[in-house]
Structures are given as structure tokens and as C-alpha cells.
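# Structure assessment
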Amino acid sequence: MERNILEIKNLTTCFFTDDGTVKATDRVSISVGKGQTVCLVGESGSGKSVTSLAVMRLIDYAGGFIQSGNVMFHGQDLAAKDLDEMMHIRGNKIAMIFQDPMSALNPVFTVGDQIAESLMLHQNMSQQDAFKKAIEMLRLVGIPAPEVRVKQYPHEMSGGMCQRVVIAMALACNPEMLIADEPTTALDVTVQAQILDLLRRLQKELGMSILLITHDMGVAAEMADRIAVMYAGTIVEEGTVERIFDEPRHPYTIGLLQSIPGFEGERGGELYTIQGTIPSITQLPTGCRFHPRCPHAIDKCRKEEPILREVVTGQQVACWLNEDVSNHFRNNQRANSIAGSKAEVNRQ
Amino acid sequence: MNREYLIEANHIKKYFPIKAGLLSRVIGHVKAVDDVSFGIRPGETFGLVGESGCGKSTLGRVVLNLQRATSGEVLFDGTNIHQVNRQENLKLRRDMQIIFQDPFGSLNPRFLVSDIIGEPLRVHLRASAKEIDERVVELMSLVGLDPSRRNRYPHEFSGGQRQRIGIARSIALSPRFIVADEAVSALDVSVQSQVLNLMMKLQKEMGLTYLFIAHGLNVVRHISDRVGVMYLGKMVEIARTDDLFAQPLHPYTAALLSAIPKPTPHRRQERIVLQGDVPSPANPPSGCRFHPRCPMAQERCSKEIPELIEVGQDRQVACHFPLA
Amino acid sequence: SSGNNASPGTATPAPTKKPVEQVAPQATSTDDEKPIDGGTFTHSTTSDIVTINPIFGNDTASGDVMEYTQAYLYNRNPSFDLAVYPWSLAAELPKISEDGLTYTIKMKNHAKWSDGTPITADDLIYTINAIKNPETGSPEITKYDKVKEMKKLDDYTVEIKLTQLYAPFAFGLMQKLAPAHVLKDVPFKELQAHSYGKDPAKTPTSGPYKWSEWKQKEFHVLDANPDYWGEKKPHIQKVVYKIYADQNTQVQALMKGDVDLVDSIPVTQLEAVKAKGNINISTEPGPSYEYFAFNFDKKNFPNNYGLFEGQKTRQAIAHAINRQGIIDNILKGTGKIMDAPFLPGTWADPGDAAVHYEYSVEKAKQLLKEDGWVAGADGILAKDGNRFSFEFIFNSGNSRREQAAVVIQQNLKEVGIEAKPKALDFSALVDQYANPGKFQVLLLGWQLSDPDPDGISTFGKKAFPPGNNAGWYDNPKLDALWEKAVSTVKQEERAAIYKEVGKEISTNLPYVFMYQYGTPRGMTSRVKYKDEFKPVSMIPYGETFGFLNWWIDDTKK
Amino acid sequence: MTEYLVRRVLQAVLVLFLITVVSFGLMHAAPGGPLKVMLSPGMSPEAQLIQMKNMGLDQPVYIQYMKWVGNLLKGDLGNTFKNNVPVGDILWPTVWNTFVLMSVAWGLSMLIAIPWGIYNSTKQYGLSDQIASIVAYLGFAMPTFWFGIMLQQYFAMQLNLLPLSDMYTMGKEGQVSDLILHLILPVTVLTLVNIAAYVKYTRASMLEVLEQDYIRTARAKGMKERRVIFRHALRNALIPVVTIIGLDLPTLVAGAALTESVFNWPGMGRLFVEMAVAREYSVLMSITLLISLMVIIGNLLADLIYALVDPRVQLGRKGGRAA
Amino acid sequence: MSQVQLQDDTVVETNRPGGQLPTNPVGQKPPGLWTTAGKKFMRNPYAVSGLIVLLFFIGIAVFADWVAPHDPAKVDFMITNLPPGTEGHVLGTDELGRDILSRLIHSSRVSMLVGFSVAFAAVVIGTLIGAISGYFGGWIDTCFMRLVDVMNSIPSLFFNILVLALFGAEFIYMILILSLTSWTSVARLVRGQFLQLREMQYVEAARAIGVSHWGIITRHLVRNAMAPIIVYATLMVGSAILSESGLSYLGLGIQPPETSWGLMLSKAQEFMLVDPLQALYPGLCILLVVLAVNFVGDGIRDAFDPRKKKKNPKRRLNKWNATSSK
Ligand SMILES: Nc1ncnc2c1ncn2[C@@H]1O[C@H](COP(=O)(O)OP(=O)(O)OP(=O)(O)O)[C@@H](O)[C@H]1O
Ligand SMILES: Nc1ncnc2c1ncn2[C@@H]1O[C@H](COP(=O)(O)OP(=O)(O)OP(=O)(O)O)[C@@H](O)[C@H]1O
Ligand SMILES: [Mg+2]
Ligand SMILES: [Mg+2]
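Calculation notes
Residues numbered from 1 in each chain as written. Chains lettered and ligands numbered in written order. Predicted model: local features only at pLDDT ≥ 70, side-chain atom pairs only at ≥ 80, totals over all residues. Heavy atoms only, no water. UniProt positions renumbered as here; feature names shortened; annotations may be inferred. Phe/Tyr/Trp six-rings, centres within 6.5 Å; stacked < 30°, edge-to-face > 60°. Helix = DSSP H or I, 4+ residues; strand = E, 2+ residues; numbered from the N terminus. Buried < 20%, exposed > 50% of the residue type's maximum accessible area, 1.4 Å probe, protein only. Lys NZ or Arg CZ within 6 Å of the ring centre and 35° of its normal. Near = heavy atom within 4 Å. Polar contact = N/O pair within 3.5 Å; in protein donor to acceptor, adjacent residues only side chain to side chain. Areas by Shrake-Rupley, 256 points an atom, 1.4 Å probe, with all protein chains shown as cover. Nonpolar A, V, L, I, M, F, W, Y, C, P; charged D, E, K, R; others polar. Contact = heavy atoms within 4.5 Å. Buried area = accessible area lost by both parts, 1.4 Å probe. Salt bridge = Lys/Arg side-chain N within 4 Å of Asp/Glu carboxyl O.

For chain A, an unreviewed UniProt entry supplies the name Peptide ABC transporter ATP-binding protein and the organism Brevibacillus formosus. Quoted straight from UniProt, the Subcellular location (unreviewed entry) entry for chain A says "Cell membrane". In its Sequence similarities (unreviewed entry) section, UniProt records this for chain A: "Belongs to the ABC transporter superfamily."

Okay, structure coming up:
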């Protein structure tokens, strides 16, 4: 198992709220291999960010905590570490970048300061060296005239530039693992393309593993080696990018892919829709969390919660339909939908 | 005057003054929309795409007379909407509506849903409370909301439902033309498809005309009949949807199309990665505004502003060296 | 002196109240004790001086400081008469001509300003001239308006001629002098702006103390003048005149021993100060009296119906107000009932000749009935359809008066009169009500800084608003008596006239004369003086009477 | 930056000008006006007229105003009406005294309040936080003069530990130890009131900043919590606090008026109260102006500090501040 | 694998059919924002006790004539300075034999009247000016804001002292001047709110519908800015009461024979040495009411603040349990 740099096992996280303690994620398991990119996809509020925060133990600062489960990193359980020990891992071994690059940078320090800070902290560099390295990092992420930029403040830069700075900051200490929480959502598509390109290039150059969180299936398709699909706090399906796109097995994944209007083929027709909305974490349904919206739900779905299990090599699904009546269901689905990569229009 | 269009924008300019100095002197302008012309035919959906800040929303507002154009005219059914008096303007409001991007910001959190949907009726029809209520129930059913929940506040609804409330409000007066400003951009894909379906359904039933502003190209492709591409306040290309996606003529359109990651893991295609960021509309580059980022820019591009010219059936492009 | 202080309508068994005794100043040392030289005496106040230039300074604080620093031409003696002391500038009492029009004043010939210049007739003439001149803007201007001319007989003798016979003029000679050698070249117009009296360094003084330091709004330091000309030199070497923000702080400072003299202890704090033990208290009333003035101008009443037209009505009100109760309970004994505008015990005091109105609800009711007042439906009296309801105004910030107002309101209510008290800012009260004579009833006090009993400027027709006769009181008979009195030179004859005045005025009642009052004074017991030099309550600035003979004894602490 | 500065200064000058108009107008609109103060009742009308002429009060109001402003610009605050003393002679010493009191109270409150607020923001709803809320509530709800009197009663009168009032004991002027003794009680009163507010501001501001994304970023970088708080959060959090405190100056100075009266502190506030009752217009106008000037400068400084510590502040920042 | 039973019983896992929220019958008004806030408010013990105290005092002020055991102005020289606890005079009598309790009760009228009328006036003026300023911006805003700057630059206490000393310490002047000096903070607040709110899309939506500016301000925006305004108003009630007492202390406020807590306090100061309790009662009343008003204000703010997490005393314990239970 040492192939996997990061292994999240049955991670359950909770938040303190007005209505008591609520579970934000429930028994989430994800593994990230060395040099691999794993994408975590799902709708808003499904628990993607919480999972990433839990890995970094940043959730402890956000009014939540890890209730059970492990986060194995190089054989150490991060979930059991105390916060002081985490300081040496955060930013050093595992780095993280967030959605909104503008607000992720402290407005009152120069970008150079902010990049050098990690270096001074984790690598005991002198201030001078750290600044030199900071310039180097800025160059690495493709910022022109880094010597000038290093002395500028975040507000003097554009969004794309800021995101590069954030990436430079994250990568400054050569982390083995990068967690990127929707790194490009706030950016324009052309800039997003630049950043995704950059991430891919850096990953190759530095040999990092990436846990990429996104809700854009396109980004996932482009970046991921493996994809984990989250729904209402649980992983409903996990597998290699090909399997997920070619042969999705969970009705949610299938629906998700089908409801995206495509770039090719027919247009203007009625789109496939998943009925209803994602439930709030305080009002989860019994049994399978997806069953109220699932067109194929059977009795069992209403009563028992399915767990994630491998159905094909490289693909795990949490769905009763894939267990007992798997063949029937799958054949059925295949017949009327997503042959291959096309999220074609589905007329139901 | 071309009466084939329900709405026609001619040489619209919208400049926002940049003030500075001790006396707030105007030291320049943000050229949010700079000489844009296009028309929308009745019953058609006109998609408008472009990167953030290129002036899509501003154009939408100007078209609705929510903001006055710096120059140029907007004709709605032949009348110049910028030259109407108050009375006529109020009447225009019944014919032209808007749906907003933000399903949270566009609904007043202190209003009941029935008040939100009923407000246009209250303002325009002077109907009794009961009549308004009946109409609200009707509208809610039409957009697929449970009318029994009309006495609730917006925060009790999910994003998709809130967007439906916004739609119900905008169709309350049976308008002919609706600007949908990023109406689905903030929604999750599974919900987005619901709303798109609804909009298409309403269009069919009510014969609506849409100006559909979005940056999700796949969505635009799905719903639009024709698409306009904007870059830095300029319209760079207008074409029928199929033509545009099959064969973009402007290098920017091409780059935009290729920059969008597609949910097709097998074809990680070679993409045109543009260099640099979108320049500020306050001081746009000379000549063709796209030239500093254009992979095929030439000398002429930096000097001469390309006009939007007809290059084929229903197809216009503003480029000195169009592709293909 | 216990009046009838049982107020009717009290059902609860009242605890017996001891009548409050007045405490007069007592000697603090025996005759065989010998004065000690040295020490600092701290005199406290709540307001700072305006100037110690005698031409201008007429406020209490300036007067206090001048008391130490500026010598009088003539001083007052404890019975408020003109006197010559070793510290007076005059050598003898003035010689008055037979016709009463010429005064000859002889000054001491060895008096000197603190800068060494002799004090001469020039100073006296200059001072009077300056005050007289309207350009100067002296607040004392009326004092010398009857001076016709002055003649310098020699360096130390001055002859003053008056335009008319005016008996009170003698008291105008209780004057502190301004230094002619410093001021004579200053135009009168610019006199007020001149630094004399405001800058210690530029203010030579004539009295036993030099003005060494003035920290505005904080304190003054007065040091004994080593070259003081008087035969009697002060024992106390330094006087600090200290200014406090309010009376409470001042009293607490007294109790803490931070100051030696507080000349106005709020009566409410008297008990606490007494309890302290080492403070000598005096509650003798001073030269002030409280009055409740009716307005005789009908325009001030609804329907132009003057409520106080009837003499019996006014008398009834005098009977209805429990003056002794107020003295005992509110003034804590620091007052004395007064029936006419003459200070009790002075030569002009008409004594029993004035009518005394004792507190009696029955008598009041009776008089009101006789005057035609009948109780209305609401219990308030009425006559000719006019309710007996009025507003009486007084100045805010004087808690003694505020409380008295409450009692008056209650007392009058008991006889069926609705009196509504209203407190107003003092300057507003004076500007907008008293000066134009627009009010119904005014509750206020007069301080008799001038010992002369003449009252025409208060009650005469000549003094109609904006003069001091704010209530438009018009009594020709009285006016004639007043006039007659001031043109009589012999004091006994004048006293007889004032007896008549007292009788008339107390019957006719332009005011209800409430009481003579004073503020309790406290002095630390380290300050020693013999009986003849004890503080005198009855005269202005009497609290430091005989100060030169005082000394500080810290040994018995 | 310079342009911004010039703009703010010009704005301040405009406000100051309006204040001169307001205060001058107020004095002249008051019943009786400044005239009444200097004329004694016994004066004859002719004498009054002469005096009025002497003081220039017979001229039209706008001319008086212009003269007054002209003199102000020359640094001449005018003379008191009652005794014609230059206002400056009375005013300047009190300014210093108030400054001593205020700066000690203010400095102390900041010294206590800011660390306390920071601590409370990290330990929300802890014991210290609760105590701070109680202090804050008391500070808001207690009439300051009453609190002052209570302290006087107990510490000065009953225990006889501290001086009752004044700035110095007579004869010990200028002695620092004596000054400190006299400072204790009034400073306690003022500090309690300020601390309450400042702890609240600091805490709220810190909490808001601690929720920001860049704090999460800092933590994600592996910063120690102390460093996160003191390096990343504090600077951002103090920006609005500084502003608020700058804006708060008026309340502060005004609050001192009551305290100064209670403790007989020879400061501006006490002087103002005294002069208001005495209707010394020139002194009142000068104090009003002076304090307004201080307030305006305070705000200006707050803005400047803001601009210095917050690099986002650029030329054209509009009036709306975080508050 | 079935669901793991957790020891921590506070974990909420409501089992409801997901998706659609439960529907309710037509017409019935569900708990709206105000109701929710109200509930949240009622759960806050400080706020509730503040409200109770406040209502108590309001009640006393309104029904003072009935509640007070004696005529507050009734002078009786036979029973002066009775100690507290005397029969018929629970808090004793003052130096004129007036019943202190009755005076306290009647004083509440002035204090509460000042508090509420000043807060009301200030809120009305401030909201109007702030709203116009914030909504329209431009030169209107500039003018108003300079006016606010001017008002703010003169410390309000000084301004109050000045006006009352110059124009006379009349009750109506006091209310006027206190209102005049306190509206600026409301105006600032409302302006700030409006600056934000006018950018909201629902404002543009309303404009697109054809709602007039006035309609937008009154129907849409004021409603949204209401919560902070109310909070501010409550705080202002407290500060007005304090200001009144301060001015009365300086002799510039309420004038006898009217009475207020501030005045009683100021007068009681004279008796500090003899009868310190007399200063305590009005002081405590002011303290209580201002405290209550502050509690209510804070309660309202918290009730409306979606970000504010309820204080959870069990939180630490929970966390400890939770981490140690695994
Ligand atoms: N600090 C918090 N306190 C309470 N609940 C929280 C907190 N943070 C997140 N949650 C809840 O946890 C759930 C998961 O949130 P999370 O942020 O992980 O979603 P996400 O998948 O990242 O969504 P998005 O795509 O919008 O970023 C949500 O229901 C959210 O309400
Ligand atoms: N009221 C305004 N005042 C000044 N500048 C404005 C104003 N409104 C818009 N702008 C500027 O005009 C340009 C175009 O804005 P617009 O909102 O139309 O862009 P957009 O294409 O809708 O962008 P987005 O995709 O982010 O919504 C931007 O640079 C913006 O900053
Ligand atoms: Mg997220
Ligand atoms: Mg837009």
C-alpha cells in the first residue's frame, strides 16, 4: 500500500452548529498514489472542501473536527496527530491552494514575503535566500518579471497572477502532495487553461501527487488519473477517469454526466435532469442518500445505506443496484445512454 | 431599418468615467461596451459569450434601458428605448425583463416569495391582492414550484428553486424579451439542466426572445440559435451556433473554444493556450484589442481596428485575418 | 427659634425633630495663646477671579482675592458700618459737611503699593474718576454718579463734592484703590484690557499680601508682602486661593484637610462635615435675603387678570408659606425670618414695626376667602372665572432654592393655590424674564453688598424694568418715604423713616420676604483667632474679617 | 498617495470651516448673544453702547465672523468677555493637562484592551471573554460621573489612600510621583469605559479577520498559531480598530469633560463646562474648534495609518471606511 | 456494513425524506426571518432578561401614577431622611420627606422618555438621510456626509453643553439637541448599508420591473437595513439616558421640580456623605436600564446575524468526547 502517498480511510467529520453537531462527511475513503492526480468531484455542499480541510487538519480551526477515520500519510495517521505536529507537515509535505486566489493572499504583505515565509519556516532559510527562492518560484509558475513582482502586493495583480502566486507559495517547499480546492473556478476560461497547464507541467517536473477538487467534469476529465464522486458527504463512486466517464455505474454519476450539455451533437433538446436537489446535511434521507432522487431506487435503497465496494478493477461504487441487480441495471443504463465519452442528450 | 429584428442594437457604446484627482476630474473611461451592433430576431435565443469583464452584462443592461448608453441606439420593436418618456418606459418594462445570475442576490431576502413574484403585478396592473395571489399561484406552477410555499422566504429555497422564482418574476407580465444574465452559471450541473429545460419550455410556450448571457460555452451552445462573442467591449464574432462551434473564424473564439476543458478524457486535445490576461477595458490595446494575446497577430492588427463585417450567411467577424 | 413646623396632613406619627440651632463663629483660641508666624492658609472657591483691579472686579472671587491683596479706603466693621482699622488706607472717618454735600477724606501718609510707590490722594481721585467714566465700563459706575467734583487738598487729603444730598454715599467710600501711577496713561477705553489686575507680575497691590501667582482656573498664590506698610503685619505667610469645579468636591477637600476655608457648604452636607469633628462651622446667615416677588403687570396673566392685585391675597400667601419650616429643614438653620427688606440687627431694621406673617393655613384661607376667592371644582381657588394658578420661576442649580420651591408649591396647594415651579438657567432668567419684567412670580434672592438700607432702586417706580423693580411694583407712598430717607443725613432720623417703610412694605407686600440666609461656612481648626477677630457673617467678605490677626497652629493635630 | 493626502486635508479644512460657521452662528443665535455676558446690569445704555463699540459687537455678524476667523488664523483666539484675558492663556495649560490625562488613560486602555481582545478572540466564550463582556456592558451602562464619585468616596474619603481630586497636591506641582497618585482614579474611570469598547472592537475585528481565506492559507502553510495571529491576523485586524479609535476621539474627549469635573482636573473639559455656564463665548468657540481640530486630525491620522498599514489603500479611496 | 452507532448522542441525524422540504398548507405563514430571529432571540438568556427588565421599567414609567406609593412631590418635614425599610417608605425619604421610591418611579418617565424619543428621532432622521445619501450617492451624498463630518467632529457632549447653556436647559431643547447629535451615527450606518444594498441584484431586478426609486428605498432597502437600525436604536436609547444623566449632573439637563434619574443622581451627590444610598438607587436604575437595552440590542443583533454561531457551552466537552471516543 505504500504506493499510495495519501490514504484517507473512512473519514467522518463533524461540525458544531446551532442545531448540535452535524456530520459533514461520512466515511470517506480516497487514496492518492505517487505522482497521481485524483479528482474529487461533486455538487456544491457535498463535502469536498471539508474533506480537504480535514486532511490538512484545518477543519479544527473552522469549528469542526474529525470524528473518526484515518488520514494516512506515509504511514502516519494525520487524524491522530496533535496540531503542533501538523505544523511541520502543513505547507511542507502537503500544500494546499484554494478557490479564490485574491482572498487567499494576505493583503498587507508583499507576495515575496508570503512565499518566503514558508521557506524560512520549514527550511530554515535566511531571509535573503528565501527571497531568492521566491523569485525563482515566481519564475517557475510563469510570472514575467518576477524580480519586480516579488515586491508587489496582491491587489496589484490580476486574478490569474494571484493564483500563480498561490501555487508558487504552495510549491515553495517542494511538497509531495498538493491539495487544490477548486483552483480555477474563480478564473476566466482562458486563464483557467493556463493554470491547468501549469499544474500539469509542474506535476511532471516535481513529481507531486495532486488531490484536485472541482465541480467541473471537464476539468476532471482533463486532469485526473482517478476520479472520486461525492454526494451528500459520501463517496458514491470512485475509479479511473476512463471508467468513470465511459462506464459510470452510480445513477448519480450517470445523471451528472448526462445533464451536462455537450459540445458536439444535437442541441436544443430537453436535457437530462436529476430530480430534486441535494439534501442538506442536517436532513439526510435514510438508506442510500441518493434514493429520493434516483429513478431506479428499490426498497433496499430506502432502508440500508450502501457502502463503497469495488465492482470492477479500478472502479468502486456505493449502490445496491450494482450489487444485487447490477447486471440488469447496468445493461439497462448502457442501452439508453452514454456510449463512450459523449454526454449525449438523453430523451426520457 | 431592418424589421426582421425584435431588438436591435446599433453602435452601442457604454463608457464609465474614471474619476480621480482633487476635483474628481474624469481622467479616462472604462470602455465597457465599445461600438457594438447586433440584432435579435423574434423568438430567437441569442447567446452572448466572453470572458469576465468584457461587457456582457453592461450590454444586457443597456439593451434593457437599465443603463443609458453613452451613444448608439437600441430599438425594441422599432422604438428607440432610450428616447421614451417615463410612461412609455414603464410600459416597456412589461415587455422586457431580466433574469440574474445570482440566485441569492437577486431575491430580496426580506420579501416573501409571493411578494417577489407579485411585485411586477403590483407595480403594473393595480390588481387586487386576490388577483395577484391567483396569478402568483399560476406562475409558480408554471415554473415548477410548489405554490403552497409562496408564503415563505427565499432563503428557504435551494439555488435552483430560487432561480425559478426569479424566472417566475420575470415572466409575470408576459414579456416578449428576456435578458438572462448568466442565469444558470451559479448552479450545479444537475440543477442547471433543470433550469435550462424550464427556460426552453417557457420560450416555446410563450414565444419568448432571449438574450442569453453566459460564459459556459456548452450551455450557450445548447440553448442558443445564434451566438455573439465579445472581447473587451467589442463584439468579435456573431454566427449561427452550429457554424460557430464547427468553424470559429475569430482567433479569440477559437482559443475560447479550445480552452474549455471538455468532459471527454480520451481526447485531451492540443489546445491553444493564450498568453497573458485580459487587459483592462480602461486602456485597451490599440488596433485589434485581441492582438497582444493573439497567436497569429500581425503588424496591421496593432494599428487598425477591425470592423465587424459580414462574411457569410448570418455570420459576422471582426478580424483582419479570419481563420479558414 | 422653633416655628410651627408640624405640617398638617401627616398621619404617620412623626419622629420629633429638634429645632436646629444656629452656630455663630466662635473664637478658636484663648487669650493667652500667642500667635505663630508662618504657615499656609488655603481658601477655596468654585469660581475664578475676573480681575483684582478694583475698578472692575466686583464678583465674589475677585473680591476674595482683593480682600487679601488690596487695601480698603475704609473698612466695614462687624455691624456693617464705616470704620478705620490699622489696615485701612484712610487715617480717620470722613468729615461730612453740614449740608451733607461735601466729604473730606484724609488718608494715611505711609501707605505704599507693593512696588514701593506711595499710595496717595491721586490714587483715590483716579479710581473714582475711572469708575465714573462710562468709557471704562466699570460695573460700579452707579456708585459715584452723584460725585460732582473732587479736589486734592494735599497729597493725602481729598475733598469730594456731591450733586445732591445722598446719605448712602458714605458707603461708597468702602473702596479699594487702583494705582494711578500704573494706569493713569491708559485711556479709559482700554482699561479693561490692561494687564493690571490680571497679570500678577504687573499688579502692584496695596494690601498685606502680594499676588505671586495665578494659575487660571486652578489657584492663586498670595505671599505676605515683607514690605507691607501697615503696623499690623500678617502672621500667616501664604494664602492659597484654590478653585474647585463644584461644591461637593470642595467640601470633600475640606474634610480631607486639603483646604482650610469653605465659605459655602451645601446645607445638605452640613451633617457630614460636622461629624468630621476638626472643622469649625458657622451657620449664621449672611447679608442676603430670599424673596418671592409678585408681578403687578397684568399683561403677564391669562385674560390680563392680575392674580395678586389684592393685598389680602398677598398676605394670605405670606401666611401660607412655611418659612420657618424651610429655614429649619432646608437651610438647616442658616436663616432668619425677615419681614421687611432690612437686615435683622442693623440700624435700619424696623424690628417689630414690620408685620410678621406666621405660618397659618387657617389665616391664609380666611384672607383668601375675604378677598373673594372660592374653591373651584378641582379644589383650586377661583375668582371671576380665573383659576388661582401661576408659575413661579427661579434659577436652576441652586439646590436650596429648588427645594424651597417644592415646599412653596406644597404649601400653596394646601390653601388651594396652584403654584407651578419652573427652574431656568440664571442668565436666561435674568435676560428673558426678570429684566423685561415678564413673569408671574419670581423666587430669587438679593445680596446686600452695600450696607445702606436704601431700597428705592428695588421697589421704586423709577426702577421699573429693566431696572431692579422687575415686578412693576408701584407704591407712591413708599417712593416718597425712600426719597426722604436718603436725603436725611442723621442716622437716627433715617432709621425712623425706615421703620415707617418697614411697616408699609410689610403690609402691602410687593414680595413675600422669605428670610435672611447665608451659606454655612467651615474652617479647619488649625486656623486660630481670638474673639475680636472672629469671622463675621453679616458683612460681605466677613469670613476673613481680622485675617491679619489670624495664625495657623499645626501643633495640636 | 500625496494626492489622497491633499484631498483629505482639503476635506478636513472644509469641515473645519463649517465648524467655525456652526459654532460662531450658535453663539450669536443664542438668546442674548455674546453681548449679555460683558454688560453688567447697572450700566447705563450709553455706557453699554460704548462697551459694545469697544468690543466690536456693534458690527454686522458676518464682519465679526470674518474678523474672528482672521484673528484665529493669526493664532489669536480673542479675549474673554468678562475680564479681557487672552483666551490662549486660559486654554493652553488645560490642553496639556487634558492631554496628560487622556494619553495615559488612552494608552493604558489600548495596552490592556488590545491584547485582551486578541486573547478573547482566540478563546471565544471562555472565562476571560465573559469577564470582558461584563466589563464592556458595565463600561457602556455606567454613568461615568457616578462611577467617579463612587471611587472617590471609597478610595479617597473612606480609605484615604488616594488624593480626592486635582492634578497635583498644592506645593508639589510638577512632581511625577504626585501626578501619578492623582491620575489613578480618573484614569481608572476613563480606562474602564474605553477598555470595554476597545476589547469589543478588537475581538470583533480579530474574529472577522480570522475567518478570512488568507488566514486559512497561512495555516495551510504550516504557520504556528501564534504567528498566524500576530503576524497575519493582527495587522489586518488592527486596521479597522485604529480607524474606529480615531473616529472615537470625540467621545473620548467629551467623556473626559465629566470625569474632569468630578475630579477637579484642570483640563479642557472642565473648563468647557465652566465657561459654558459662564457663557464665555470666545473660550467656548476656541475649545470647540480646538477639539474639532483634534478630532479631524485624529481621523486624518487614522486614515494615514490605515494607508500606511494597508497597501490596498490607493489614491482614490472613497470615504466609506470599515466601521 | 450497517451504520455505526455513535456514542456521541448529540450528533443530529434527522431522518427525513430528503430533497423537497416539507410542504405546508396554502396561505399559512411559515416562520419567516423575523420569527426565526425572534426564536433565536428568545433562546438568548441575556436578551430575554434584558427585555424583561426593559418592559418592567417601561411599565413602571407608563403607570407611574398608579405604581408609585406616594405623591413624589409630597413634602413632609416630619419624616425627612427616613432610612430605607421604614414602613410605608421602602427606600426611605429624602431631606424634604419625599418618598424616594415614588421619586424613582416618576423619574423613570423622563429618563425613558428621553431615551426613547431621542432614539426614535435620531433613527428617523438618520435613516432618512442615510438612505438618501447611500442610495443616490453623488453630490447629495457628499453634502450630507460633510454635514455628518461636521457634526461628528464636535464632540456631542460639548455640543449639548453648549446649546443647553446658551439656549437654556429646557427639556424640549435637550431632546432636540440629543437627537440632533445622535442621528449622524445612524445616518452613517444606514448609508453604509445602503451603499452595499443598492448594489444587490434584487435592486436592479426591482428597477427592471419598474419600481420607482422611492419604492425601492422604502419597500426593498429599508426593510433590509432594519435589523441593524433596530440594534442601533436600542443602543441609542441607552446612550440617551446616559447623556441625560450626564447633562443633569452638570445642571444643564432636567430642571427641578421635574425629576429624572440623572437629576436624582446629581442631587444625591450632595448627600453622598450623609446618605450614600440615595446615589445608589438612581445609579442602579440607569445601569439596569442601559444594561437591559444593550442586552436587547445585542440579542437582536445576534438573532439576525446568520454568521454568529450560538454560544455552545457543551462545545468543548463535545469535542473532547468526540476525539477521545475514537
Ligand atoms: N464551518 C462549517 N460549519 C458548519 N457546517 C459547515 C462548515 N463548513 C462546511 N459546512 C457544511 O459542510 C457541508 C460540506 O461543505 P463543503 O464546503 O465541503 O462543500 P463543497 O463540496 O466544497 O461545496 P462547494 O462546491 O460549494 O465548495 C456543507 O453542507 C456545509 O454547509
Ligand atoms: N457601474 C460601473 N461603473 C464603472 N465601471 C463599470 C460599471 N459596471 C461595469 N463596469 C466595468 O465595465 C466592464 C464590463 O463589465 P460587465 O459587468 O459588463 O462585464 P461582464 O462581461 O458581465 O463580466 P462578468 O462575466 O464578470 O459578469 C468591467 O471592466 C467593469 O469593471
Ligand atoms: Mg468547496
Ligand atoms: Mg456580468
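Counted under the stated rule, the structure contains 59 aromatic pairs over all chains. Judged by centre distance (6.2 Å) and plane angle (5°), the rings of Phe459 of chain C and Trp482 of chain C are stacked. Here Phe459 of chain C is found in helix H11 (residues 456-459), whereas its partner Trp482 of chain C is found in helix H12 (residues 476-486), with 23 residues between them in sequence. Trp482 of chain C gets classed as buried once you look at its relative accessible area, which sits at 1%. Here Tyr511 of chain C and Phe513 of chain C contribute two aromatic rings whose centre-to-centre distance is 5.5 Å and whose plane-to-plane angle is 50°, an arrangement assigned as tilted. In textbook terms, an aromatic cluster arises when at least three aromatic residues are bridged by ring pairs, as seen for Tyr289, Tyr291, Phe342, Trp347, Trp446, Phe459, Trp482, Tyr498, Tyr511 and Phe513 of chain C. Stacked on the ring of Phe109 of chain A, the Lys or Arg Arg231 of chain D has its end atom at 4.4 Å from the ring centre.

Let us look at the site of ligand 2. Residue and element names in this part refer to chain B. Close to ligand 2 lie 13 residues; Ser52, Gly53, Lys56, Ser57 and Thr58 are nearest. Gly55 is positioned such that a nitrogen or oxygen atom in its backbone is 3.0 Å from an oxygen atom of ligand 2. At a separation of 3.3 Å, an oxygen atom of ligand 2 approaches a polar side-chain atom of Glu182. Computed on the free molecule, ligand 2 has an accessible area of 630 Å², of which 64% lies beneath the protein chains in the complex. The set of elements that each furnish at least two residues to the shell around ligand 2 consists of strand S2 (25-40) and helix H1 (56-63). Top contributing element to the shell around ligand 2 by residue count: H1, with 3 residues. Its residues assigned to classes, the shell around ligand 2 comprises 5 nonpolar, 5 polar and 3 charged.

The smallest C-alpha distance separating chain A from chain C is 48 Å, and no contact links them. Chain B shows no contact with chain C. Their nearest C-alpha atoms sit 44 Å apart.

Moving on, we get to the interface of chain A and chain B. Chain A puts 48 residues into the contact, and the matching count from chain B is 43 residues. For the chain A and chain B pair, buried surface summed over both sides reaches about 4000 Å², with 54% attributable to carbon and sulfur atoms. Looking at the side of chain A facing chain B, the largest losses of area belong to Glu222, Phe263 and Arg267 of chain A, adding up to 22% of the total buried there. At the junction of chain A and chain B, the tally comes to 1 salt bridge. Across the pair Arg267 of chain A and Asp242 of chain B runs a salt bridge whose closest N-O atoms are separated by 2.9 Å. Put simply, chain A and chain B have 14 residue pairs in polar contact (both at pLDDT 80 or more) between them. Mapped by element, the contributors of at least two residues to the side of chain A that touches chain B are helix H7 (159-171), helix H8 (189-206), helix H9 (217-223) and helix H10 (241-246) of chain A. The biggest single contributor to the side of chain A that touches chain B is H8 of chain A, with 9 residues. Tallied by class, residues from the side of chain A that touches chain B come to 19 nonpolar, 17 polar and 12 charged.

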